[in-house]
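Close look at the chain arrangement
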Amino acid sequence: NNGAWISFDPNIRELLWDSETLLREQMTWGFEMCDILKISDSELQWYTGEHDLDRGISELRKIRDIPLIFLTMGGAGSRAYYKEFYVEVPACHMWETVETTGAGDAFFGIVLSRILDEGMEHLDRKMLEHILKYANTGAAIVTSRKGALMVMPEKEEIEKILADLSSQAAQYHEVLSANVAVLTQLDFIFAKAALSRHFNCTEPKFNNRRYINIKDG
């Protein structure tokens, strides 16, 4: 009622609850109240029973159309669901994992910090992708050290790492651009093949005698 955003991270610990029913009730209450949700893939699957992540998010939105949802997927990275689209960013695998305690908390803390800086009204794909990269990097740093939240990185450390990665990637700009162009062509070819197969199409045979013979048209 005061115009504040409410964030929610269920952070399921089943052994701390008297019953699964009570846990589900409290999670549902949190979903109904929040504006920004952070949930892991295992928590989503546990609550909805859906192994397909997109369908799981759809099930959550039947409870309430939560404006902004962040989904963490461990070593596979993270997603941000906003309005009618989502963006996905792979995990940062720069260091050996020492312990994972605190990674989710670090991720969500960084996300909320960035949302407070950027606002939530005019988010787009590029901005959400940047937020996920930032949060993934911060969470990866935490997992590379002992101490959980006691070893949270500073903003400057995250920005330096991202700048270094960008600098390294820039050296391979031409190769990466060429690969993207090839993959785009292949994707287009496979998309045409899938469409043709769906409609049971046949390859047309062209002639130079200036006539068209339509069979079963």
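Everything here concerns the structure above.
Attention here is on the structure that accompanies the text.

Parameters and conventions
- Residues numbered from 1 in each chain as written.
- Predicted model: local features only at pLDDT ≥ 70, side-chain atom pairs only at ≥ 80, totals over all residues.
- Heavy atoms only, no water.
- Phe/Tyr/Trp six-rings, centres within 6.5 Å; stacked < 30°, edge-to-face > 60°.
- Helix = DSSP H or I, 4+ residues; strand = E, 2+ residues; numbered from the N terminus.
- Buried < 20%, exposed > 50% of the residue type's maximum accessible area, 1.4 Å probe, protein only.
- Lys NZ or Arg CZ within 6 Å of the ring centre and 35° of its normal.
- Salt bridge = Lys/Arg side-chain N within 4 Å of Asp/Glu carboxyl O.
- Core = buried A, V, L, I, M, F, W, Y, C linked by side-chain atoms within 4.5 Å.
- Pairing = 2+ DSSP bridges.
- Contact = heavy atoms within 4.5 Å.
- Axes fitted to C-alpha atoms, helices over the stretch in contact; angles between N-to-C directions.
- Expected span 1.5 Å × (residues − 1).
- Arc of directions from axis to C-beta.

**Observations regarding the packing of aromatic side chains**
In this description, an aromatic ring pair is defined by two values, namely the gap between the centres and the angle between the planes. Under the criterion given, the structure shown has five aromatic pairs. For the ring pair Phe8 and Phe31, a centre distance of 5.7 Å and an interplane angle of 70 degrees mean the geometry is edge-to-face. With Phe8 in strand β1 (residues 7-8) and Phe31 in helix α1 (residues 20-33), the pair connects residues that are 23 residues apart, well separated along the chain. Taken as a pair, Phe8 and Phe31 share a single burial class, namely buried. Taken together, the ring pairs connect Phe8, Phe31 and Tyr47 into an aromatic cluster. Here the guanidinium or amino end of Arg24 rests over the ring plane of Trp46, the centre of that ring lying 4.4 Å away. Over the aromatic face of Tyr134 sits the side chain of Arg114, whose NZ or CZ is 4.4 Å from the ring centroid.

**Focus: the pattern of salt bridges**
Counted according to the given criterion, the structure contains ten salt bridges. One salt bridge connects Glu59 with Lys62, and the closest N-O pair in it is separated by 2.9 Å. With Glu59 and Lys62 both in helix α3 (residues 53-63) and three residues apart, this pair spans about one turn of that helix. Within the structure, one salt-bridge network assembled from shared partners comprises Asp54, Arg79 and Glu88.

**Describing the nonpolar core**
Across soluble globular proteins, nonpolar side chains show a tendency to be buried alongside one another. Ranked by internal contacts, the top residues of the largest apolar core, which has 25 residues, are Leu68, Phe70, Val111, Ile115, Leu123 and Leu128. At the level of elements, β3 (68-72), β4 (78-82), β5 (85-89), α4 (103-118), α5 (125-143) and α6 (155-170) are the ones that each hand at least two residues to this core. Tallying contributions element by element places α5 first for this core, with seven residues.

**Observations concerning the pairing of β3**
With five of five residues buried, β3 lies mostly within the body of the structure. Of the two faces of β3, the one holding Leu68, Phe70 and Thr72 and the one holding Ile69 and Leu71 are both buried throughout. Where β3 lies against β4, five bridges are found, and the strand directions are antiparallel. By the bridge assignment, Phe70 is partnered in β4 with Ala80. Counting the residues in the hairpin turn of β3 and β4 gives five residues, including Gly74, whose phi is positive at 60 degrees.

**A few points about unusual backbone geometry**
Even without glycine at this site, Asn11 takes up a positive phi of about 45 degrees. Even without a glycine there, the phi angle at Asn200 is positive, about 55 degrees. Considering the arrangement of structural elements, one finds Asn200 in the segment after α7 (173-198).

**A word on the sheet that holds β3**
Overall, mixed pairing links the five strands, which are arranged β1-β2-β3-β4-β5 in an open sheet. Of all the strands in the sheet, just β1 and β5 have a single pairing partner and so form its edges. The strands touched by α5 within the sheet are β3, β4 and β5, with β5 carrying the most contacts at an inclination of about 35 degrees.

**Some remarks on α4**
Counted at 1.5 Å a residue, the expected span for α4 with its 16 residues is 22 Å, and the 22 Å between its end C-alpha atoms agrees. The set of residues buried in α4 consists of Ala103, Ala106, Phe107, Phe108, Ile110, Val111, Arg114 and Ile115. One or two residues past the end of α4 sits Gly119, with phi positive at roughly 85 degrees.

**With respect to the environment of Asp65**
Along the chain, Asp65 falls in the loop between α3 and β3. It is 8.9 Å that separates the C-alpha atoms of Asp65 and Lys83, two residues lying 18 residues apart in sequence.

**Concerning the side chain of Arg114**
Here Arg114 lies in helix α4. Setting aside its immediate chain neighbours within four residues, Arg114 contacts His130, Ile131, Tyr134 and Lys155.

**A look at helix α2 (residues 41-48)**
Along α2, the residues that are buried comprise Glu43, Leu44 and Tyr47. Viewed along the axis of α2, the buried residues span an arc of 100 degrees, placing them on a single side of the element. Close packing links the buried residues of α2 with α1, β2 (36-40), α3 and β3. Gly49 sits one or two positions beyond α2 and adopts a positive phi of about 80 degrees.

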